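Fold and geometry: a report
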Amino acid sequence: MQIGTAKHSYRADEALLTTRPQRLWMALFALSLCAAPFLLDNYWLYLACLVAINVASATGLNILTGYTGLVSLGQAAFMAVGAYTVGWMQLNLPTPFLLNLLAGGFTAALVGLVVGLPSLRVKGLYLAIATIAASFILHFVFVNWESVTNGNSGLTLTPATFLGTPLTDYSQLYFVFVPITALMVLGAANLFRTRIGRAFIAIRDRDISAEVLGISLLRTKLMSFAISSFYAGVAGGMWAYFFRVVTPESFPFVYSIFFLAAIIVGGMGTILGAILGAVFMTLVPELLRFGIDWLTPVLPNAAAMLSPVRTIVFGLLIVGFLIFEPKGLAEIVQRTRRYFHLWPFKK
Amino acid sequence: MTGQSETGASGAARLEVEGLSLSFGGLKALSTVSFAAEPGSITALIGPNGAGKTSMFNCISGFYHPQQGAVRFDGRDVTRMHPPERAALGFARTFQNIALFRGMTVLDNIKLGRHAHMKTNLLQALAYWGPAQREEMALRAEVEERIIDFLEINHIRNMPVAALSYGLQKRVELARALAMRPRILLLDEPVAGMNREETEDMARFILDVKEEWGTTILMVEHDMGMVMDISDHVVVLNFGQVIASGLPHEVQADPHVTEAYLGSGDPAALMARLRGEGPDTGRNREEVA
């Protein structure tokens, strides 16, 4: 039971987890992440890997759109850049897969820098349109640069190998993807404890006074684009090792909207928001599918009848969030935390 | 404090405006304005609405680029510099309509003031390791001990700025400007819209900044009581021109100033204007400006 929080140093006050319950919950969460592969069946492990990939990419988009205020609809295209880089390296170079993932991230970051250039002049919807244009240009490149991308038939990857073992099982991939994603999320959380993260938020909130404080708009916006697409590139690389086929249609434009929806549903400009949003967007359609499976004994052709309903329910859930919880799932968590903060002494 | 030697900037600076002219298309906002703010003093820029005070401020802080004339900072011509470069030199300003970052806490807003003088790079920031962490801790200590205590805002440090009263927001904006360790502080209407108590608090803080930090202060203000009480030097603008400058009591007694604010000193002429009989009413003049 807690009656207050007292800290003795600035370091303690600036820690990521400041209270004991927070640290306990985090330890529990880490434990369950470690235990999961031994408890879950293959199907759920498949979903867990997909969630890890999507969390990494959504966290990246959240840095750009949620924290810096630059709306981007190019996240899937940046992922594709990472996926193609990783695919090409895996097939043509003997480099270890972790290095390939890093290279995927850096290639995507470079592309992100170029795509980010218009952001100095255009904002909001206009920037969103510019990133859509970039997505379609990249798609064109993937289809036509056949010597590297193998055109429409795409690249088929050999599995990643770690210490001589090929990573083919979902449980093996899980143990690679989850730590990588955890590191990336930790990096993002750290970023917003320092001058760089604060500069991003400053640009989002009021760019004129950011300039007066000595924040260079061009540099900072481009930096945000680069980090965000680096995250997308690494996520795309993981995606390539996961599905082992990369084609121009692997990362459709809808996938970019998926990430934008994820950070809106989860909570823009919060680390937790991108995580919750990506989990929600990945798992809820699956859960709805289970609902239909349960109904099948009662309604023999439930699947045929309700499949369209599933999409509608999913869409309604998103709209519901926009209306009733515009700050997203993260805000619900915060509210619950506040309620229990000094419970039962204060409500 | 370590930062002063790091940045190479220390002590108050002399700001000099020399023959500055600014026009928007055909509209002359400023014509050959010259004045100086002496190191470690408080200079007030006053004048009726539309006299060109805010345009002057925007020229000094780098948002407008004047067609003629120069702004000198300790003798160095900064007329063409962009705002971030000026910040690195030691310019800090507050805005007439508070320009804080509403989504952030008071503490983070103030910390942003130090941005230009910090060194943490992207990789260090992602790892929050070694130098990055040390730099953040030094910043936190400085902000807490030098600024938050000084401006008496301890109780609100973790509150989001959007939740604060107007007077407190103005004070946080001053805090953010102070975090820049300014060599010249530009205050755009620091007490506009404040009640008497808040105005007195702000006047006290401005005087304290001058005395304890020795910063050169240039402010635009409409509250004549405060301007006359705390300024060392007053510059009066009207229609984009300097019509008087000097010590507060000299300026107060200057007939040009009275005329600019109240119209002609002749009661009969004033009455005539009030009734709108004169060809050149005060209202029309303001619209022109």
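Residues numbered from 1 in each chain as written. Chains lettered and ligands numbered in written order. Predicted model: local features only at pLDDT ≥ 70, side-chain atom pairs only at ≥ 80, totals over all residues. Heavy atoms only, no water.

Summed over all chains, the structure comprises 3 cavities of 30 Å³ or more. In this structure, the largest cavity occupies an estimated 50 Å³ of space. Forming the walls of the largest cavity are Val 212 of chain A together with Ser 61, Pro 83, Arg 86, Ala 87, Phe 91, Ala 92, Arg 93 and Leu 186 of chain B. Among the elements of the structure, helix H3 (83-89) and strand S6 (91-94) of chain B are those that each provide at least two residues to the lining of the largest cavity. (1 Å grid on protein atoms, 1.4 Å probe; cavity = no way out; pocket = protein on both sides within 12 Å on 5 of 7 lines; lining within 4 Å. Points joined across faces, edges and corners; volume = space filled by probe spheres on them. Helix = DSSP H or I, 4+ residues; strand = E, 2+ residues; numbered from the N terminus.)

Take the packing of helix H7 (residues 166-179) of chain B against helix H8 (residues 196-213) of chain B next. All names here are of chain B. Viewed as axis vectors pointing N to C, H7 and H8 meet at an angle of 10 degrees, and their least axial separation amounts to 10 Å. In this view, H7 runs roughly parallel relative to H8, as classed from their interaxial angle. Within the contact between the two elements, H7 uses Gly 167, Lys 170, Arg 171, Leu 174 and Leu 178 and H8 uses Glu 198, Asp 201, Met 202, Phe 205, Val 209 and Trp 213. Of the residues that constitute the contact of H7 with H8, the class distribution is 6 nonpolar, 1 polar and 4 charged. (Axes fitted to C-alpha atoms, helices over the stretch in contact; angles between N-to-C directions. Parallel < 35°, antiparallel > 145°, perpendicular 65-115°, else oblique. Contact = heavy atoms within 4.5 Å. Nonpolar A, V, L, I, M, F, W, Y, C, P; charged D, E, K, R; others polar.)

Residue and element names in this part refer to chain A. At a closest axis distance of 8 Å, the pairing of helix H3 (residues 42-67) and helix H9 (residues 195-205) adopts a crossing angle of 40 degrees. It follows from the interaxial angle that H3 and H9 lie oblique. For the pair H3 and H9, contact is made by Ile 63, Gly 66 and Tyr 67 and by Phe 200, Ile 201 and Arg 204, respectively. Grouping the constituent residues of the contact of H3 with H9 by class yields 4 nonpolar, 1 polar and 1 charged.

This next bit is on the pattern of salt bridges. Residue and element names in this part refer to chain A. Here the structure, examined in full by the defined rule, presents 23 salt bridges over all chains. Between Lys 123 and Asp 207 there is a salt bridge, with its nearest N and O atoms 2.8 Å apart. With Lys 123 in the loop between helix H5 (97-116) and helix H6 (124-144) and Asp 207 in helix H10 (residues 207-212), this pair connects stretches of sequence that are 84 residues apart. The class of Asp 207 is buried, set by a relative accessible area of 19%. Its salt-bridge partner being Glu 286, residue Arg 289 comes within 3.4 Å of it at the nearest N-O pair. (Salt bridge = Lys/Arg side-chain N within 4 Å of Asp/Glu carboxyl O. Buried < 20%, exposed > 50% of the residue type's maximum accessible area, 1.4 Å probe, protein only.)

Distances and angles like these do not, on their own, reveal function.
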